[in-house]
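In case you want the letters, here they are:
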Amino acid sequence: MELVIRCKAAVAWEFNQPLVIEEVEVAPPQEKEIRIKIVATGVCQSDLYFLSKCSNQTAFPVVFGHEAAGVVESIGPGVTEFQPGDTVIPLFMPQCRECRLCKSPKTNLCVNGCPFERSRISCKGRKLLQFLGTSSFSEFTVVKEMSAAKIDPAAPLDRVCLIGCAICTGYGAAVNTAKVEAGSSCAVFGLGAVGLAAVMGCKAAGASRIIAVDINPDKFEKAKVLGATDVVNPNDHSRPIQQLLQEMTGGGVDFSFECIGNVEVMRSALESCAPGWGVSVIAGWTDMENFSAPPIHLMTGRKWTGTLFGGEKWISASEPAASGVTYLDRKLMVDEFITHNLRLEQINEAVELMKNGRCIRAVLSVSPQ
């Protein structure tokens, strides 16, 4: 009989308040669930968005965290794809394989995704909510079988945890959603982990010019390492960034990527694209504001689209495992994204680093492997 596990977790009790390291109880997995010992987790801007920006859509108390890697500790009845000891990446985008979306090769979406739901984690007699079906800011968590993917056991979990969100999102935005072409020109707005992964994806696709755009010049060297050919700080120029990029490229880039979650930048990214064929992809998360642009921008041939977790054909249940192999073959740069390695107990320090733009990715050591 499986037992309740007592362990540590970073609990968000209230909106826009520091996370609290608490002793929690993690119940055994139920039907079609697995319990995972989280080894490492990244701190993502999406965690911060729901913690401190989007009060009307966040429920408390909750355990955040969704970009992680760990080891299966136990499995519930009916689980067929995992065994204790498997190394896995929890997936914030599940893959039930039964809904209309899962059955389509055109998308990686699933109708079963939910930002907040009841978890198997309790604290001080209260049930805590689960974030994006994962809740990786805990030493142990329980997820649905359809919300995990096996990873090569040789892959270092404190590195490949980033495959669980940022790298797949940005890289896939370029390779799968935009389908960047060899010899093309690209502009990436926002050089956080998702934006830098988009830069890497543009390079992998063979883009000849990759313009990295950010108001923080400290990120420019990292962008160059990952493939940027040009770097631009909009604050260094008096004219709008889209006008500057049009001038730099003789009429606009072939592909642009908004990786911030800012509706004004989304429009700038669209307007930086060449008329006739330019494609602009929204990869930055926000749902607090509407975005708009003159219809003529689309009537003249530009395309405006979006992506979640890397978009089309980056099918959740299988692709992260393949990405782990790609990392081991050094075809996918991951280590370069990690600027801070901290412990779970230092999570509020990681949050402040992210808020102040002083790190690309902080990875928290949660449990020994």
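Data block above holds the structure.
The rules behind the values
- Residues numbered from 1 in each chain as written.
- Predicted model: local features only at pLDDT ≥ 70, side-chain atom pairs only at ≥ 80, totals over all residues.
- Heavy atoms only, no water.
- Pairing = 2+ DSSP bridges.
- Helix = DSSP H or I, 4+ residues; strand = E, 2+ residues; numbered from the N terminus.
- Axes fitted to C-alpha atoms, helices over the stretch in contact; angles between N-to-C directions.
- Contact = heavy atoms within 4.5 Å.
- Buried < 20%, exposed > 50% of the residue type's maximum accessible area, 1.4 Å probe, protein only.
- Core = buried A, V, L, I, M, F, W, Y, C linked by side-chain atoms within 4.5 Å.
- Domains from an automatic or database assignment.
- Parallel < 35°, antiparallel > 145°, perpendicular 65-115°, else oblique.
- Left-handed = near helix turned anticlockwise from the far one by under 90°.
- Nonpolar A, V, L, I, M, F, W, Y, C, P; charged D, E, K, R; others polar.
- Salt bridge = Lys/Arg side-chain N within 4 Å of Asp/Glu carboxyl O.

A. Representation of the sheet that holds strand 13 (residues 230–232) within the structure. Taken in spatial order, the six strands of this open sheet run 13-12-11-14-15-16, and their pairing is parallel. The open sheet has two edge strands with one neighbour each: strand 13 and strand 16 (303–306). Neighbour-to-neighbour, the strand axes of this sheet turn through a mean angle of 20°, independent of strand direction. Along the sheet face, helix 5 (residues 193–204) touches strand 11 (185–189), strand 12 (209–213) and strand 14 (255–258) and points at about 170° away from the line of strand 11. Against the sheet, helix 7 (residues 241–249) touches strand 11, strand 12 and strand 13, its axis set at about 160° to strand 12.

B. Up close: unusual backbone geometry. For the peptide bond that leads from Phe60 to Pro61, omega is -5°, which places it in the cis range. Residue position: Pro61 is located in the loop between helix 1 (45–52) and strand 4 (62–63). Positioned with a positive phi, Asn16 is a non-glycine residue whose angle comes to about 55°. Mapped onto the fold, Asn16 is located in the loop between strand 1 (5–11) and strand 2 (20–26). The class of Asn16 is partly exposed, set by a relative accessible area of 40%. Here the phi dihedral of Ser135 falls at roughly 55°; this positive angle occurs in a residue that is not glycine. Structurally, Ser135 is set in the loop between strand 8 (126–131) and strand 9 (140–144). Residue Ser135 is classed as buried on the basis of its relative accessible area, which comes to 0%.

C. Focus on the nonpolar core. Ranked by size, the top nonpolar core spans 106 residues in total, and within it Val24, Phe64, Val180, Cys202, Phe257 and Phe337 carry the most contacts. At eight residues, the largest contribution of residues to this core is made by helix 5. There are two domains that each give this core at least three residues, and those are domain 1 (5–164 + 314–365) and domain 2 (170–307). For Phe64, the residues in contact, after removing those within four places along its chain, are Ala12, Asp47, Phe50, Leu51, Thr58, Phe116, Phe131, Ser135, Ser136 and Phe137. In terms of nonpolar packing, the next biggest core, distinct from the first, is built from 12 residues, Phe189, Val232, Leu244 and Val253 among them.

D. View of the packing of helix 4 (residues 166–178) against helix 5. At a closest axis distance of 7 Å, the pairing of helix 4 and helix 5 adopts a crossing angle of 40°. Put simply, helix 4 runs oblique to helix 5. Crossing geometry of helix 4 relative to helix 5 is assigned as right-handed. Between helix 4, through Ala166, Ile167, Thr169, Gly170, Tyr171, Ala174 and Val175, and helix 5, the contact on the second element is made entirely by Ala193, Val194, Ala197, Ala198, Met200, Gly201, Cys202 and Ala204. Here the contact of helix 4 with helix 5 is built from residues that sort into 12 nonpolar, three polar and no charged.

E. Structural view of the pattern of salt bridges. Using the criterion set out here, one finds 17 salt bridges in the structure. In this structure, Lys32 and Glu145 form a salt bridge, with 3.8 Å as the shortest nitrogen-oxygen distance. Of this pair, Lys32 sits in the loop between strand 2 and strand 3 (33–42) while Glu145 is found in the loop between strand 9 and strand 10 (148–150), placing the two residues 113 residues apart along the sequence. Judged by its relative accessible area of 38%, Lys32 is partly exposed. Note that Glu67 is salt-bridged to Arg361, the shortest N-O span being 2.8 Å. Placement of the pair is Glu67 in strand 5 (residues 67–75) and Arg361 in strand 18 (residues 361–365), with a sequence separation of 294 residues. Where salt bridges share partners, they join Lys8, Arg343 and Glu345 into one cluster.

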